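Below, each chain spelled out in residue letters.
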Amino acid sequence: VQLQACGGGLVQAGGSLRLSCAASGRTFSRYTMGWFRQAPGKEREFVAAISWSGGSTYYADSVKARFTISRDNGKNTVYLQMNSLKPEDTAVYYCAANLGWGVVVTAYDYWGQGTQVTVSS
């Protein structure tokens, strides 16, 4: 599966952004989808994951209650709605796919190219 993330940008603290990740191929609905982020000088970290059906979601503590992951299998797209953004949310955000379930980088087999999110204070 090939992934293309978009929707990043520059936003003030307290603002919102919605990231999208479009997947190619007819098997999108089989994959768990995840969002990760990587800030300069830091390791890539887990943000959120959603099961193939959308019935299960999981969030990093740092984004819980502010971010929402969702998916539309008919459109082969996964979304990350980010509200109440903070400067510490600044990072390159990546979408990823795997056929199992996981909240670590190594669990995911396919990665998008990343989209930059910058939150100004």
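Residues numbered from 1 in each chain as written. Predicted model: local features only at pLDDT ≥ 70, side-chain atom pairs only at ≥ 80, totals over all residues. Heavy atoms only, no water.

J.: Outline the nonpolar core, listing residues and values.
T.: Counting residues in hydrophobic clusters, the biggest one holds 35 residues, and the most contacted among them are M33, W35, L80, M82 and Y93. Mapped onto this core, the elements with two or more residues apiece are strand 1 (3-6), strand 3 (17-23), strand 4 (32-38), strand 5 (45-50), strand 7 (67-72), strand 8 (77-82), strand 9 (91-98) and strand 11 (115-120). Residues contacting M33, with those up to four places away along its chain left out, are L3, C21, F28, A48, A49, I50, I69, R71, V78, A96, A97 and Y108. (Core = buried A, V, L, I, M, F, W, Y, C linked by side-chain atoms within 4.5 Å. Buried < 20%, exposed > 50% of the residue type's maximum accessible area, 1.4 Å probe, protein only. Helix = DSSP H or I, 4+ residues; strand = E, 2+ residues; numbered from the N terminus. Contact = heavy atoms within 4.5 Å.)

J.: Account for the packing of aromatic side chains, naming residues and giving values.
T.: Within this structure, the stated rule accounts for six aromatic pairs. Judged by centre distance (5.9 Å) and plane angle (85°), the rings of Y31 and Y110 are edge-to-face. Taken as a pair, Y31 in the loop between strand 3 and strand 4 and Y110 in strand 10 (residues 110-111) lie far apart in primary sequence, 79 residues in all. One aromatic cluster is present, built from ring pairs that chain together F36, F46, Y58, Y108 and W111. For R44, the ring lying beneath its charged end belongs to W111, and the centroid distance is 4.9 Å. Looking at R71, its charged tip hangs above the ring of F28, at a distance of 4.5 Å from the centre. (Phe/Tyr/Trp six-rings, centres within 6.5 Å; stacked < 30°, edge-to-face > 60°. Lys NZ or Arg CZ within 6 Å of the ring centre and 35° of its normal.)

J.: Give me the pairing of strand 9: which residues, what numbers.
T.: Taking burial as the measure, the eight residues of strand 9 include seven buried ones, the bulk of the element. Bridging between strand 4 and strand 9 involves seven bridges; their strand directions are antiparallel. The partner of Q38 across the bridge, within strand 9, is V92. In terms of strand pairing, strand 9 meets strand 11 through three bridges, oriented antiparallel. Residue Y93 lies in a different strand from strand 11, and its bridge partner there is T115. Across two bridges, strand 9 lies against strand 10 in antiparallel orientation. The partner of A96 across the bridge, within strand 10, is W111. (Pairing = 2+ DSSP bridges.)

J.: Quick rundown of the state of the cysteines? Include the residues and the values.
T.: One pass over the full model with this rule turns up one disulfide. Between C21 and C95 runs a disulfide, and the two sulfur atoms are separated by 2.1 Å. An S-S torsion of about 60° defines the bridge between C21 and C95 as right-handed. Here C21 is found in strand 3, whereas its partner C95 is found in strand 9, with 74 residues between them in sequence. Since its relative accessible area comes to 0%, C21 is described here as buried. Judged by relative accessible area, which is 0%, C95 ranks as buried. Of all cysteine sulfurs in the structure, the one in C21 sits closest to C6, which takes part in no disulfide; the separation is 8.3 Å. (Disulfide = S-S within 2.5 Å.)

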